[in-house]
Amino acid sequence: MARADVVVVGAGLAGLSAAVGLAEAGARVEVLATGHAATHWAPGGLDVAAVPGTETPAAGLRLLAARPQHPYALLASHVAPALAWLRGVVAGSGLVYVGDLDAPIRPVPTSVGRTRPAAILPEGQAAALAPWAPDERLLICGPLGFKDFWPEAVAAGLRRPEAWPGTAGPARVDAVTFEPPGFRGTRNHNALDLARAFDDASWREAALVAIARAVSAAGPGPGRVALPACLGLADHPAVLEAARATLPLEPFEVPLVPPSLPGLRLYRALREALRRAGGRLQIGEAVQRVDVEAGRVVRVAVPAAARQHLVATGALVLATGGIAGGGLLATMDGRLEETVLGLPVEAPDADAWLAQDPLDPQGHPLEAAGVRTDGQLRPVDPTGASGGAALYENVHVVGSLLAGQRYLRERCGDGVALASGHLAAELLGSGRATGRQSLAEARR
Amino acid sequence: MIPSLVDVLVIGGGATGAGILRDLSRRGLRCLLVDKSDMGTGTSGRYHGLLHSGGRYVSKDPIAARECIDENRVLRRIAPHCIEDTGGLFVATRDDPADYVEAFPEASAACGVPCEEVPLDELFRREPALDRSIWRAYRVPDASLEPWQLIEANLADARAHGSQAVPYQRVVGMTRNGAQITSVELHDERSGSLSRVAARMVVSAAGAWAGRVAALAGVELAMSPGKGTMLVYNQRMTDTVVNRCHRPGDGDIMVPVHLVAILGTTEIRVDDPDRYGISREEVMALIAEGSKLFPDLPRMRLLRAYAGVRPLYQLEPPADPGDVRGISRAHVVIDHEQRDGVRNLVSIVGGKLTTYRLMAEQTADAVAAKLGVSVRCTTAEDALPGADDRHYYWLGHRLAEHEHQGGGDAELICECEIVTRDGLERFLDEHWPCSLDDVRRGTRLGMGPCQGGFCTFRAVGAMARRGTRDGDAPGRGADDRSPPESGAADDAAEEATLAAFVEERYKGIRPIVWGRQLQELWLTTGIYAGVLGVGAPRSAPQALVSGVNASRVEPTPGGRDGQG
Amino acid sequence: MTIDALVRAASEEGRGQPRLGHPATGEVGFSADECLKCNVCNTVCPVMRVTDRFPGPKYVGPQAQRFRLVTALPPQGKGVPAVPSPDLTVDYCSGCGLCTTACPAEVKIAEMNNRARATLRATQRPRLRDWLLGQTDLLGMLGTPVAPLANWVLRQPLLRRLVELTIGIHHQAPLPVYAGRTFRSIWREERRRHGGARSAEPGPDRAVVFFHGCAANYYEPGVARAAVAVLERNGFEVIVPPQVCCGLPMISNGRYRSARGKARRNVSVLADYARRGYRIVGTSTSCTHTLKAEYREMLDLSDDDATAVAEATWDICEFLLDLHEQGRLDTGFGRLEQELPYHAPCQLRSHGIGLPALDLFELVPGLRAIDYDHDCCGVAGTYGLKVEKYDIAMAVGEPLFRRLRASGASQAACDSETCRWQISAATQLPTRHPVEILAEAYAAGDAEAPGRGGAGAPARA
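The rules behind these values
- Residues numbered from 1 in each chain as written.
- Chains lettered and ligands numbered in written order.
- Predicted model: local features only at pLDDT ≥ 70, side-chain atom pairs only at ≥ 80, totals over all residues.
- Helix = DSSP H or I, 4+ residues; strand = E, 2+ residues; numbered from the N terminus.
- Rg over C-alpha atoms; globule rule 2.2 N^0.38 Å.
- Buried ≥ 20, exposed ≤ 12 C-beta atoms within 10 Å, placed from the backbone.
- Contact = placed C-beta atoms within 7 Å.
- Axes fitted to C-alpha atoms, helices over the stretch in contact; angles between N-to-C directions.
- Parallel < 35°, antiparallel > 145°, perpendicular 65-115°, else oblique.
- Left-handed = near helix turned anticlockwise from the far one by under 90°.
- Pairing = 2+ DSSP bridges.
- pLDDT = per-residue confidence, 0-100.
- Core = buried A, V, L, I, M, F, W, Y, C linked by C-beta atoms within 7 Å.
- Nonpolar A, V, L, I, M, F, W, Y, C, P; charged D, E, K, R; others polar.
- Expected span 1.5 Å × (residues − 1).
- Arc of directions from axis to C-beta.

1. Side note on the overall build of chain A
And then number 1: Check the secondary structure of chain A and you find 13 helices and 17 strands.
And then number 2: Here chain A has a C-alpha radius of gyration of 23 Å; the compact-globule value for 444 residues is 22 Å, and the two agree.
And then number 3: The proportion of buried residues among the 444 residues of chain A is 62%.
And then number 4: Excluding contacts between residues fewer than 6 apart, the proportion of contacts in chain A whose partners are at least 24 apart in sequence is 70%.

Here's what the structure looks like:
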C-alpha cells in the first residue's frame, strides 16, 4: 500500500492547482485521474466571470459572489491570489497569460465565425483582445484541407455585425489559406499534428513563410491575422515568437474543438510544475473504492491489473468535475450520482434538467447541479439534513463539482476551479482544514 | 419548376408515394410527386428498419404475412443495395406462451414463410448477447431495409421515366368543380411562394396525414394514427433481426440497421400526427421489455429515441378507441369516386414499408384503370437503379471502402459514421443546394454517438465554401473571397440550418439523457457554447439569438427525425 | 423488469458483471459504448505522433468497433466478404495501451484493437514472421546451444538483409543476444552446489515462485540471478517451477489459440502454488502483466485457476515495494553515486501500480533516478522488429534516445526487456533492469559494511 498526505482525484485545472499548491507546501501528493479530460477540451483561457451587463471579470465576480448559492460567495477573495500564483507556476514552462480581473471583457473570434467573451488569455490568443481600429482588418488564415478550421466560414460569420456585440468589429474580414509543407491535402490531421510539426524548427520556418506569403497576398494595410490554435506544443513560446517575427500582421490563435492545444499546454505546464514540486500524477486510475474510518477518508483503491492498488491518505481532494468531466453521473431514473464517494448532490428535478433549446443562452438548469460544501470546501448535505456539518472531515471538493455555478452562462469555470484548488491547498497545506490534522501528523 | 399540368399528382414522398411515382411513370404517365417536407421524412424515415419476412403476422393476419414474404422476395431482387441480409429470429422467452411458440412453424408454413428451428447452442454461438433462458428459436428471412436509399432509388427510376419529385411543397388547397378536382394549390415551404398544378388524377399517399389531404378535397377520411416509439442503440448487440415469438407487442423486436440497433416499438394512439412526445416512462417500458431478449440492454448506450406515426385506417369503428394494436396493418386503396363522388382522387392508407411496392402497384392499377391505361406493372421485375451489382450491403462496407481508398488517412468530416471530405463534397456536388438534414440522410453524417457534436460545424464549413453567393462553383483556395456584403443573408441561413440541426438531434436525445449520453451532450454543449461561441451568453445575449431566430426556417413538425 | 430493477441492472452493482456475449470483443467491445469522441486518446498515441499510416486509436478503436460484427463467425449474407473486421490499419496499433490509460470514459481501446487484430489475422493468410515472433520459447531453445554461432549469424548485415527480405524482420531491429546458458541450467547447478533441493518447501511467507519468462532465461540470465539474489537477501527462498513462454508474443501477433495453449500450461503449474498462498514474482513486466490480466481479458481464460494465478502474480519491484511498505525490506543498500535515467515501459503503466522502481531507487543512497517520462520507446514487444514498422518504432523512441544520448549517464534503467534492447541498440547505453541496480546496491552495501547483510536476516527498515 502506498502512502500520501493528500490524494487528489482528478487532473483538471482544479485538481492540478490543488496538487501543485500542496506539493509546493511540502506535502506528499498523489494525483489519481481516470483519464485526461477538462484541460484537453478547454480553450485555454482563464474565464473568471463574464456575466451579461458587466464589463470586467472583477465586476462579474462581485455580482456572482453576492449570490449566497454561488461558489464565489466563498471563493471570491481567493481568485486574485490564485490567479497570480498560477501565472507564476506556468511561467516556469514559458506559458504567459495576458489580462487580469480588471481587464475589459472583449469578444474574441471563435473557429466557427462567432465570438466569445474573454479577458484573460494565453499570450498566443491575446492579440484578439485589443479593440479594432476603424481601418483595421482581420485576416482568417488556415491550412488547406484542415477539417477543424474553415477560413471562409469563419470569415463569413465574423463579417456579420451581430458577431461583435457591443463593439465595433474589424473594418473587413477576409479568408486566406496556406499549404502546410509536406502535408498531403487530404490527410486526416488534427491540430496536434500541426502543432507538433510547428515544434520542428525547419518545418516551422517553411510554414511561416507560406503563411506570410498568403497574408501578404491579401493586400496591404493594418490588421491582425487569426490562425487556428496549433502554433506548437512543446516549443510553443518559440513558435509564437517566430510567428510574430515572420508574419506581416500581428497573429493570434483561435482555439479549436478538442484536442485543444492551448488546453494541452496548460496541462503540460501544470504537470511539469507538479513534477518539479515532487508530486505524483497517475492517469488511468479511476478510484474504485474509498475507505472511511470515523468520518475520515483513510484509503483509496484504484484498479490495478488483477487486484486493487491501495493508497493510504491523510486527506482527499475531490476534483472529478461535473457532468462533462465525469464527477457526476445521471442515472436512468433521473438522479445524479457523485461518482467517487456517492456524496449527496444538489440538482433540479429530472423534468427540469434541460432547457427547451439545446443552445439556450440561459444555459440548462442542470448546470448548477453539484455538491454543497461548508466554508472549508467539505461536503455537506444540501437538504440541511446534516445540520450543515461536514460529511467527511478530510474531504475537500473543488472545481466544477461545486454546486451553484452556471459555467456556460456565467463563464466562471476556470475561476472557480483555480480559486477552490488554491484554497484547498491552503487549507490542507497549513493544517487548518480540520483544526487538528496537520501534514506532519498525516505523514506519521 | 412546378409543371402546371400533369397526368397524375402524387402527394407524399414516403416509400409508397415514391413507389407509385415509379410505377405510374413506367406505365407511360407523366407524374409529379410533392411532399410538404423532404422525401422520406414522415413515417418511412421513422420506422424500425425491418424488411418483414411475414413471421410477425403469421397467426394474427395471414394475408399480411403472405404479402410480406412475397414482397420480401421481390425487394431482395430489385433493391438488394438497400438491404442488409441479416436474417431474422423468432425466439421464445420465458414469458412467451408455449402454444404460440409450438404452433409457430406450422402457422408460418401455412403462410409460405420459410421457418426453421435453430438449435440453441448454435443460437447462442451466433448471438451471444441473447438471454440464456430463451428456449426456442426459429430462423426466418427477415432483413434490415434502408428507407432513404430505397425512396431515392424509386424516385431516380421515376425521373428516368419522365416524372418529377419536388420536396417542400405543401398542398394547401384543392379546387373542385363538381366531382372533379381541377387544380391543386402548393405552398413552397422554403420560399413561401404559391403555385397551382392541374392533374387528371390526384393520388394521396400522405399516410398518417391522408385525412388532411382528403379534407382539402372536401372528403372525410378518418385515420387512426398510431405512434410507435423506437430506441437507437449505439452499437449492435445482434447481427440478426430478433423478434419475440408471441403476439406482437411493445419492445419485442430488435433490428440491426447499419451501425446501430433499433428496439421497437410502442403503439399509442395519437390524435395529431404532428404533435406527440416521447416520455421517459415509455422509454423505460421499452427497455424493460427489450431486456427480456437482451439482458444487457439497461447497460447499453442509447443514442436517441424517435417515433413514427403509423398510417392506420379503420374500416369499422373500434370497440376500444385506445386499442391501436387491434387495427389491421392491411392497406386499403380508396377510390373516392365510389366512396365520396370525387372522380379523380385515390387514397392509399394503411400498410407497411415492406409492402410499399405492392401498395404502389395496386394504387397504380386503380389509377391506370381510371385513366384507361392498360400498360401492366413492371416494378416487381426490373431492378431499381443502384442495384447493379445485385449485392446486399454489409455492416463493414463503409469502413472497408475507406480503408481501401485512403488507407484510413483520408480526411474525416464525420468520424462516427466515416463521412470523408471527398464523400461530403461529392454529395454536395450532386445535391447542392441542400440542407444539413439532406446531408445527414444522404451520408449518415451526424448519426453516431456524438449526434453531430463534432461534425456539424465541419459540414457547415464545407457548405460555406459553396457558392450560393457567386454561382454554384465550389470555392477553393486563397482567392475565392466573396465580397463581405453579399454573404450575410446566406450566412444567416447557414446559421439557421445549424441551429435547426442541433435542435433536432437534441429532441431525440432528451428522452434518454442519462449516463454517457448526458455527458456527451454536456461535452458538445460545452464545445459549442464555450469554445465556438454558438448560443453562448455574452454582454448582449439577444444579439446572436435574434440573428438566428429572425431567419430560422421552422423545421417541419414531425419531419427530419429518423433512425440515426 | 421494474424500473428499479432496470436501474439496478444499469448501475454500479451491475457494472462489475461480465456482459453476455460479443465473443469477438467481449466486455472490451462493449466499452466502445463509453466513447465520448473527445479525441483525448489521439493526443497520447505515440504511433499516431510519428506516422500517417496509423489513423489513431479513436478511429481503429471505438469508431471501427461499431463496424464490426458481433461475432467473428463468417457472415451468412450474400455478397458479404468473409472479413468480420474490415479495417486493416488496426495492424499499426503497437498495443502500448496509453490510449486506454488516457481515456476519460474508460474505453478499453488498446484491448479492443488487440482483439480486432486477432480477428483480422484469423482471416488472413498466416505469415511466417508473425508465427516466428511468437515462438520465443522455440527460438530460445534452438539458439542457446549454438549461441556464439547464432549471435554471429544474427549480426551479419547481409544475412539480416536476407532475413528482412524473406521474413520481414527489419535488418536493424534490436534482436537480443543469446547468453549461451539458460538461467534454468545455471540455477539448477547453483542449487546442486548449495546442497540440492530442500526436503520440504518452505511456506508461502518464506518462499516465492519465480516466473523468469523467456528473456531472462535465454538472453539475460543476469537479470534473473539478480532477482534471485535480492529475493534471497530478503529471506525468501526462490522456487522455479517448470514454465513456458507466457504467450504474450503470440497474443501480440494475433495467434490467440497458440497463446491459450501456453497460458493453460503455465496456469496448470502455477495455480497450485497460488492456491497455497505463494506469490508469483516476475522480472518481466510484460510476462507478469500477461499472467495478471491478459489470460483473462484477452484469452478468455475465466476459470478459477487463471484468477488465482492472476491475483498471486507480482512484478518484482511491486513485490519489493510492498515488502518495504510492510517494513520487511532489507534497506542495507550501499551508496551508488550516479544519475540514473529511468524509462517506465508502457506495459508497466498497464499494471496500474505506479512506478515502484522509482520508489525503490529512492532508498539507495546517492542514486538520483530521473523519470524520463517519455510515452513509449517504440518497440512495443515485437512491433518494432517488423520491417514495415521499424522506422515508426525508432521515430516513436527518438526523443527518448536523443535525451539519453545527451545525458552523459553511464547506464539507464527500464523494467521491460524488449524496451531495454531497443534503448540499448539505439543509444549504445547499457540499459538494465531495476533489480540489477538494487542487487548492485546491496553488493555496495556489503562492501561498505562487511558482514551486515546476508540471506535470511532482513534488516528492519
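2. Some remarks on the overall build of chain B
And then number 1: The helix and strand inventory of chain B stands at 16 helices and 22 strands.
And then number 2: Among the 564 residues that make up chain B, the fraction classed as buried is 61%.
And then number 3: Look at the contacts in chain B between residues 6 or more apart in sequence, and 73% of them connect residues 24 or more apart.

3. Concerning the packing of helix H1 (residues 13-24) of chain A against helix H10 (residues 261-276) of chain A
Helix packing for two helices is described by the angle between their axes and how far apart those axes are.
Residues and elements named next belong to chain A.
And then number 1: H10 packs onto H1 with a crossing angle of 25 degrees between their chain directions and a minimal axis gap of 8 Å. Between H1 and H10, the angle falls in the class roughly parallel. Note on packing geometry: the crossing formed by H1 with H10 is left-handed. Only Leu270, Ala273 and Leu274 of H10 make contact with H1, whose side of the interface consists of Leu16, Ala19, Val20 and Ala23.

4. Quick notes on the sheet that holds strand S10 (residues 250-254) of chain A
All names here are of chain A.
And then number 1: One open sheet accounts for four strands, arranged S8-S7-S9-S10; its pairing is parallel. Of all strands in the sheet, those with a lone pairing partner are strand S8 (172-178) and S10, marking the two edges. Across the sheet, the axes of successive neighbouring strands diverge by a mean angle of 25 degrees, strand direction being ignored.
And then number 2: Relative to S10, strand S9 (residues 223-228) runs parallel, the two being bridged by five bridges. Within S10, the residue paired with Val225 across the bridge is Pro251.
And then number 3: On the sheet, helix H6 (residues 151-159) packs against strand S7 (137-143) and S8 and is oriented at approximately 175 degrees with respect to S8.

5. Looking at the confidence of the model for chain B
Residue and element names in this part refer to chain B.
And then number 1: Summary statistics for chain B give a mean pLDDT of 85 and a share of 86% for residues scoring 70 or more.
And then number 2: Overall, residues 468-489 carries pLDDT values under 50, and its contacts beyond four positions in sequence, including any with other chains, amount to 33 contacts.
And then number 3: Low confidence marks residues 536-564, where pLDDT is under 50. Its contacts with residues over four positions away, or in another chain, come to 69 contacts.
And then number 4: For this predicted complex, the interface confidence comes out at an ipTM of 0.94, alongside a pTM of 0.91.

6. Topic: the pairing of strand S5 (residues 88-92) of chain B
On any regular strand, side chains alternate: one points to one face of the sheet, the next to the other face.
Residues and elements named next belong to chain B.
And then number 1: With five of five residues buried, S5 is to be regarded as a mostly interior element.
And then number 2: Looking at chain direction, S5 and strand S7 (residues 136-140) are connected through five bridges and run antiparallel. Residue pairing across strands places Val91 opposite Ala137, the latter belonging to S7.
And then number 3: Relative to strand S14 (residues 241-244), S5 is paired through four bridges, and the arrangement is parallel. Its bridge partner lying in S14, Leu89 is registered against Val242.

7. Concerning the sheet that holds strand S4 (residues 83-84) of chain B
All names here are of chain B.
And then number 1: Within the open sheet, the three strands sit side by side as S3-S8-S4. Their pairing is antiparallel. Looking at strand neighbours, the two that pair on one side only are strand S3 (50-51) and S4, the edges of this open sheet.
And then number 2: Judged from the two bridges that link them, S4 and strand S8 (residues 143-145) form a sheet pairing that is antiparallel. In the strand pairing of S8, Glu84 is matched with Ser144.

8. Describing the environment of A:Val340
And then number 1: Within the element layout of this structure, A:Val340 appears in the loop between strand S16 (336-338) and strand S17 (395-397).
And then number 2: With 331 residues separating them in the primary sequence, A:Val340 and A:Val9 have C-alpha atoms 8.7 Å apart.

9. Observations concerning the nonpolar core
And then number 1: Of all hydrophobic cores here, the largest spans 464 residues; its most connected members are A:Cys141, A:Val317, B:Val8 and C:Ile280.
And then number 2: Element by element, the count of residues in this core is highest for helix H4 (residues 72-91) of chain A, at ten residues.

10. Concerning the packing of H6(A) against helix H13 (residues 456-464) of chain B
And then number 1: Contact pair H6(A) / H13(B): the axes reach a minimum separation of 7 Å and the direction vectors enclose 85 degrees. It follows that H6(A) is roughly perpendicular to H13(B) by the angle criterion. Residue-level inspection shows A:Glu152, A:Ala153 and A:Ala156 of H6(A) in contact with H13(B), the latter providing B:Val460, B:Gly461 and B:Ala464.
And then number 2: In terms of residue class, the contact of H6(A) with H13(B) is built from four nonpolar, one polar and one charged.

11. Some points on the environment of B:Asp271
And then number 1: Here B:Asp271 is to be found in the loop between strand S17 (268-269) and helix H7 (280-290).
And then number 2: A count of 8 C-beta atoms within 10 Å places B:Asp271 in the exposed class.

12. As for unusual backbone geometry
And then number 1: At the junction of A:Pro258 and A:Pro259, the peptide bond is cis and its omega measures out at 5 degrees in the coordinates.
And then number 2: Within the secondary structure, A:Pro259 sits in the loop between S10 and H10.
And then number 3: The amide bond that connects B:Gly264 to the next residue, B:Thr265, takes the cis arrangement and shows omega of -20 degrees.
And then number 4: One can find B:Thr265 in the loop between strand S16 (260-264) and S17.
And then number 5: Positive phi, normally seen in glycine, also occurs at B:Tyr168, with a value near 55 degrees.
And then number 6: Within the secondary structure, B:Tyr168 is located in the loop between strand S9 (164-166) and strand S10 (169-177).
And then number 7: Classification of B:Tyr168 by C-beta neighbours within 10 Å gives buried; the count is 21.

13. A short note on the confidence of the model for chain A
Predicted coordinates in regions of low pLDDT should not be interpreted in detail.
And then number 1: Confidence along chain A averages 92 in pLDDT terms, with 96% of residues attaining 70 or more.
And then number 2: Note on residues 432-444 of chain A: pLDDT under 50 across the span, and 23 contacts to partners over four residues away in sequence or across chains.

14. Details of helix H9 (residues 356-371) of chain B
Residues and elements named next belong to chain B.
And then number 1: Look at H9: 22 Å from first C-alpha to last across 16 residues, which is about the 22 Å you get at 1.5 Å a residue.
And then number 2: Inspection of H9 places Tyr356, Arg357, Leu358, Met359, Ala360, Glu361, Thr363, Ala364, Val367 and Ala368 among the buried residues, and these make up the whole buried set.
And then number 3: Tucked into the core, H9 has its buried residues touching strand S1 (5-11), helix H1 (15-26), helix H2 (62-78), strand S12 (194-204), strand S19 (331-335) and strand S20 (345-350).
And then number 4: Looking one or two residues beyond H9, the residue adopting positive phi is Gly372, at roughly 70 degrees.

15. What to know about helix H9 (residues 236-246) of chain A
Helical geometry: 3.6 residues make up each α-helical turn, so side chains three or four residues apart lie on a common side.
All names here are of chain A.
And then number 1: Every buried residue of H9 is listed here: His236, Val239, Leu240 and Ala243. Projected down its long axis, H9 shows its buried positions confined to an angular sector of 100 degrees, all on one face.
And then number 2: Where H9 is buried, its residues meet helix H5 (123-126), helix H7 (191-199), helix H8 (201-217), S10 and H10.

16. As for the environment of A:Ala286
And then number 1: Of note, A:Ala286 is situated in the loop between strand S11 (280-283) and strand S12 (289-293).
And then number 2: On the neighbour-count criterion, A:Ala286 (18 C-beta atoms within 10 Å) is partly exposed.
And then number 3: Distance in space between the C-alpha atoms of A:Ala286 and A:Gly10 is 8.9 Å, their sequence separation being 276 residues.
And then number 4: Apart from the residues within four sequence positions on either side, A:Ala286 is in contact with A:Thr34, A:Val302, A:Pro303 and C:Glu106.

17. With respect to the pairing of strand S14 (residues 307-318) of chain A
Residue and element names in this part refer to chain A.
And then number 1: Of the strand pairs in this sheet, strand S1 (residues 2-9) and S14 are connected by seven bridges, and their pairing is parallel. By the bridge assignment, Arg3 is partnered in S14 with Ala312.
And then number 2: In this sheet, S14 lies alongside strand S13 (residues 296-304) in antiparallel orientation, the contact comprising six bridges. Bridged to Val300 within S14 is Val311.
And then number 3: Hairpin connection of S13 to S14: two residues between the antiparallel strands, including Ala306 at a positive phi of 70 degrees.
And then number 4: As defined by bridge partners, S14 adjoins S17 across three bridges and the pair is classed as parallel. Paired with Leu318 across the two strands is Val397, which belongs to S17.

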